[in-house]
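Letter by letter, the chains look like this.
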Amino acid sequence: MSTLEENLKPSIVLLSASDLELELKELKEEIKSLRDNNDVDHSRLNEKIDNVAKSITWLNIARSQGMWKSRTCRHMENDACSAWNVNEPEKLGIPAEAVTLEQTGIKRISVLKFPELCIACPLYEAKRS
């Protein structure tokens, strides 16, 4: 038989059904494992998202109290807190637009722009009528 004839012969590969079954079973197990791992990962992510949502809710409550305190505190003068002077507000995370500079060089915080300062202020005193 010539080489040409050998190349033209159909090449048949016999696969056993049990080999295919075994491969299929392994694939099913791998897919199940991936799904189970994803379920665990999704569960963890959902738990973290729930915690973030709870924190945001708490922060909104705290912020609303800070806003109330900033408007009712006797230390608020010209929209700024006169009880605190902050030399390096950027180190405390206070936004630059909330910082006012007095003629004396003292930096004050505009509590209308940054009421978060008032949330847990130990110097809060209600305005007296």
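Residues numbered from 1 in each chain as written. Predicted model: local features only at pLDDT ≥ 70, side-chain atom pairs only at ≥ 80, totals over all residues. Heavy atoms only, no water.

Draft legend 1. Summary view of the pattern of salt bridges. A full pass over the atoms with the stated rule returns 6 salt bridges. The residue D36 makes a salt bridge to K32 at a minimum N-O spacing of 2.9 Å. Within this pair, D36 and its partner K32 are both found in helix α2 (residues 17-72), separated by 4 residues, close to a single helical turn. Since its relative accessible area comes to 31%, D36 is described here as partly exposed. The exposure class of K32 is partly exposed, given its relative accessible area of 44%. (Salt bridge = Lys/Arg side-chain N within 4 Å of Asp/Glu carboxyl O. Helix = DSSP H or I, 4+ residues; strand = E, 2+ residues; numbered from the N terminus. Buried < 20%, exposed > 50% of the residue type's maximum accessible area, 1.4 Å probe, protein only.)

Draft legend 2. Structural context of the side chain of S110. By the secondary structure assignment, S110 is in the segment after β4 (107-109). With relative accessibility at 6%, the residue S110 sits in the buried group. A distance of 3.4 Å separates a polar side-chain atom of S110 from the backbone oxygen of D79. S110 has contacts with D79, A80 and A98, leaving out every residue within four places of it along the chain. (Polar contact = N/O pair within 3.5 Å; in protein donor to acceptor, adjacent residues only side chain to side chain. Contact = heavy atoms within 4.5 Å.)

Draft legend 3. Representation of a negative patch on the surface within the structure. A grouping of D19, E23, E26, E29 and E30 is seen on the molecular surface, where their side chains present a negatively charged patch. Residue placement: E29 occurs in helix α2. Classification of E29 by relative accessible area gives partly exposed; the value is 48%. (Patch = residues over 30% accessible without salt bridge, like charges linked within 9 Å, V, L, I, M, F, W, Y side chains within 5 Å. Areas by Shrake-Rupley, 256 points an atom, 1.4 Å probe, with all protein chains shown as cover. Lys, Arg positive; Asp, Glu negative; His and termini not counted. Charge placed at Lys NZ, Arg CZ, Asp CG, Glu CD.)

Draft legend 4. How the structure looks around the packing of aromatic side chains. Applying the stated criterion to the full structure yields 1 aromatic pair. Plain terms: the ring middles of W68 and Y124 are 5.9 Å apart, the flat faces sit at 40° to each other, and that makes the pair tilted. Pair noted here: W68 is in helix α2 and Y124 is in the segment after β4, with a separation of 56 residues, a long-range link. For Y124, a relative accessible area of 23% translates into the label partly exposed. (Phe/Tyr/Trp six-rings, centres within 6.5 Å; stacked < 30°, edge-to-face > 60°.)

Draft legend 5. View of the environment of T72. Structurally, T72 is set in helix α2. On a C-alpha basis, the gap between T72 and A126 in space is 5.7 Å, while along the polypeptide they are 54 residues apart. In contact with T72, not counting residues within four places along its chain, are Y124, E125, A126 and K127. There is a polar contact of 2.8 Å between the side chain of T72 and the side chain of Y124.

Keep in mind these numbers describe shape, not what the thing actually does.
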